[in-house]
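# Inside the fold
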Amino acid sequence: MACALPWMALAQDARPGPSFHEAVGMAWAIDPVRTELQVGHHSARARASAAGSWFAGGPTLSGEYMDDHMLGSNEGYTTYQGGVSVPLWLPGQGSATKQVASAEAASIDEQLNVEHMALSIRVLDAAAAALIARTRMDVAHALYDATARMAGNATHAVHGGELASVDGQMAQAAMENAHNELALAQEEAQNATTALEVLLGRPVVPDLSRYGGGDVTQARFVSPRDMEDNDPRIKVAHRNVEAAEANMKLARRSFMPNPEIGVDAIHEKQYGSPWDDRVGVNFSIPLPSEVRNTPIMSEARNRLATATSQETQARRMVHLEMMRVRERLIAATTARQATRSAAENMEKRAQAQERAWRVGEASVDTALAARQAAANTRLASARAEVEWHVASIRMLIATGVVP
C-alpha cells in the first residue's frame, strides 16, 4: 500500500496534458535568456537610433579666466573666455556606425530564434524523459502485481504441499525485486516530472502522442539545403558576419579622431583698451596615427575572421545534425514497429508460461523469467513509441516548425 500511494498520485497527473506547442509557450514565457536577449535587442536599436545624430558626440564646453592679481601689478587686466564645440562625423562614419548597430540588432533577433529552438528541444527532452519514466513506473507496477499474484499462489501451494518451499522463496524474491524496481521507477518519475515542472513553471506533462510521421511529410522544407538555410543557428552566424563586415567598414571610416568645431567668446577688462568683447570660431583636427589606427583595424579584422570561421563551423554542425535527425527518425520508426510486435509476443508467452506453471507443466523460475522478459520488452516498446514521437517532433523543429 505504501508503494502504491505514490504511484496513484503520479498516475493522476498522467492524464493528457497540453500540446507540445503550448508547453513550449509556457517555457518561453518564463525563460530568463529571452528577457536578456530582448534587453540587448532594445539596446542595439537604441544605438542605431542614436547613430542618426548630426554630430559624433555631445558638445564640449570650455572656459578660462585670467587676471593680473597674482603678479602683484593689479592693474585690472582681466580676461573671461568661454566656448562650445561639437565633434563632427568623418565622411561615411555616421552611416557606418548606424549599420553596425542595426546589424547587431538583427543578430540578436536571430539569437532569440536560436534560444527558442534550443528551449523547444529542452522541453522535448524533458517531456520525453518524464513520459519514459512514467512508463517505466507503469511497467514496474504491472510486474509487481504479476509477481505478487504468483507469490501468493506459490505460498498457497507450498502450504498445501503442492510446491517445494524453494519455489515459494523464489517467487517471494521475485516479488521483492519487483517491489524495489517499482520504488526506483517512482523516484525517477518524480525527479523527471519535477525537472519538467521547473522548465514549464507548471506541473504538467505535454502530450507527445498526437505527433507522428504524418506531420513530418507536411513540413515546409524537405531538402537538406533548405533546412540548413532556415536553421536559426546558421542565420545568426551569418548575421554576425554581416555585423563584422559593417564594423570593418566603420573601422576604415574612423581613420582619425573626430574633428571638432565650435565658437568662442572673450570678454576683457583692460585699462584704456578700445575693445573688450570678441567672438570667433575654433576648430580642432587631430591627425591620423598608425599607433591609434593599427589596433582598431586589427581588432576589426579579427572579429570578421572569427565570425566567418564560426559561420563555416555552424554550417558543418547543422548539416551533421540534420543527417543525424533524419537517421534517428528512420531508426526510431523501425524500432517502434519491431518492439511493438515483440512486446505482444512476449506478453502472450508470459501468460502461457504462467498458466503452464499453475497446472504443473512449467517451473516457477521459467514463469517468472517469462514475466520479467515480457516486462522488459513492454518497457522497450513504450520507450520506442515515445522516442518515435520525439524523433518526429525533432524533425519538425529542424525544419523550423514548433508543432
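Residues numbered from 1 in each chain as written. Predicted model: local features only at pLDDT ≥ 70, side-chain atom pairs only at ≥ 80, totals over all residues. Heavy atoms only, no water.

Another point: the pattern of salt bridges. All chains considered together, the criterion is met by 14 salt bridges. Salt-bridge contacts for Glu 347 lead to Arg 371; the nearest nitrogen and oxygen are separated by 3.2 Å. On the criterion of sequence distance, the pair formed by Glu 347 in helix α9 (residues 290–358) and Arg 371 in helix α10 (residues 364–398) is long-range, its members being 24 residues apart. What you see here is one network of salt bridges that share partners, running through Asp 231, Arg 233, Glu 321 and Arg 394. (Salt bridge = Lys/Arg side-chain N within 4 Å of Asp/Glu carboxyl O. Helix = DSSP H or I, 4+ residues; strand = E, 2+ residues; numbered from the N terminus.)

What follows covers the sheet that holds strand β2 (residues 78–87). Either a parallel or an antiparallel arrangement is found when strands of a sheet pair, and the pairing is made through backbone hydrogen bonds. Taken in spatial order, the four strands line up as β1-β2-β3-β4 in an open sheet, and their pairing is antiparallel. On the outer flanks of this sheet lie β1 (60–67) and β4 (277–284), each paired with one strand and no other. Across the sheet, the axes of successive neighbouring strands diverge by a mean angle of 15 degrees, strand direction being ignored. Sheet topology places β2 next to strand β3 (residues 260–269); 10 bridges connect them, and they run antiparallel. Note that in β3 the partner of Thr 78 across the bridge is Lys 269. (Pairing = 2+ DSSP bridges. Axes fitted to C-alpha atoms, helices over the stretch in contact; angles between N-to-C directions.)

Ranked by size, the top nonpolar core spans 36 residues in total, and within it Phe 20, Val 123, Leu 124, Leu 208, Ile 393 and Ile 397 carry the most contacts. Every element with two or more residues in this core is listed here: α2 (20–29), α3 (32–50), α4 (93–159), α5 (165–200) and α10. By residue number, the principal contributor to this core is α4, which donates 16 residues. Among residues more than four places away in sequence, those in contact with Ile 397 are Phe 20, Met 117, Ser 120, Ile 121 and Leu 124. Ranked by size, the runner-up nonpolar core spans 11 residues in total, among them Val 318, Met 322, Leu 329 and Met 395. (Core = buried A, V, L, I, M, F, W, Y, C linked by side-chain atoms within 4.5 Å. Buried < 20%, exposed > 50% of the residue type's maximum accessible area, 1.4 Å probe, protein only. Contact = heavy atoms within 4.5 Å.)

Turning next to the environment of Thr 60. Looking at where Thr 60 falls in the secondary structure, it is placed in strand β1. In sequence terms Thr 60 and Gly 262 are 202 residues apart; their C-alpha atoms lie 8.8 Å from each other. Apart from residues lying up to four places away in sequence, Thr 60 is in contact with Gly 83, Val 84, Ser 85 and Glu 260.

On to the side chain of Thr 79. On the secondary structure map, Thr 79 appears in strand β2. We classify Thr 79 as buried; its relative accessible area is 13%. Dropping the residues within four chain positions of it, Thr 79 is found in contact with Glu 64, Tyr 65, Met 66, Ile 266, His 267 and Glu 268.

The α-helix winds at 3.6 residues per turn, so residues separated by three or four positions along the chain end up facing the same way. Its 35 residues place the ends of α10 50 Å apart at the C-alpha level, agreeing with the 51 Å of an ideal helix rising 1.5 Å per residue. Gly 400 sits one or two residues past α10 and shows a positive phi near 95 degrees. (Expected span 1.5 Å × (residues − 1).)

This brings us to the packing of α4 against α5. Packing of α4 against α5 brings their axes to within 7 Å, and their N-to-C directions diverge by 160 degrees. Relative to α5, α4 is oriented roughly antiparallel. Viewed along their axes, α4 and α5 form a crossing whose handedness is left-handed. (Parallel < 35°, antiparallel > 145°, perpendicular 65-115°, else oblique. Left-handed = near helix turned anticlockwise from the far one by under 90°.)

Among the structural elements, Ile 397 can be located in helix α10. Measuring from C-alpha to C-alpha, the distance between Ile 397 and Ala 118 comes to 9.6 Å, with 279 residues separating the pair along the chain.

By the secondary structure assignment, Arg 394 is in helix α10. The residues contacting Arg 394, other than those within four sequence positions of it, are Met 117, Ile 121, Leu 124, Glu 321 and Val 325.

Look at α4 against α9: their axes get within 15 Å of each other, and the N-to-C directions meet at 15 degrees. As far as their axial angle goes, α9 and α4 are roughly parallel. Taken as a pair, α4 and α9 cross one another with a handedness that is left-handed. Residues Glu 104, Arg 149, Met 150, Asn 153 and Ala 154 of α4 lie in contact with α9, whose contacting residues are Arg 303, Glu 354, Trp 357 and Arg 358. Looking at side-chain class alone, the contact of α4 with α9 contains three nonpolar, one polar and five charged residues. (Nonpolar A, V, L, I, M, F, W, Y, C, P; charged D, E, K, R; others polar.)

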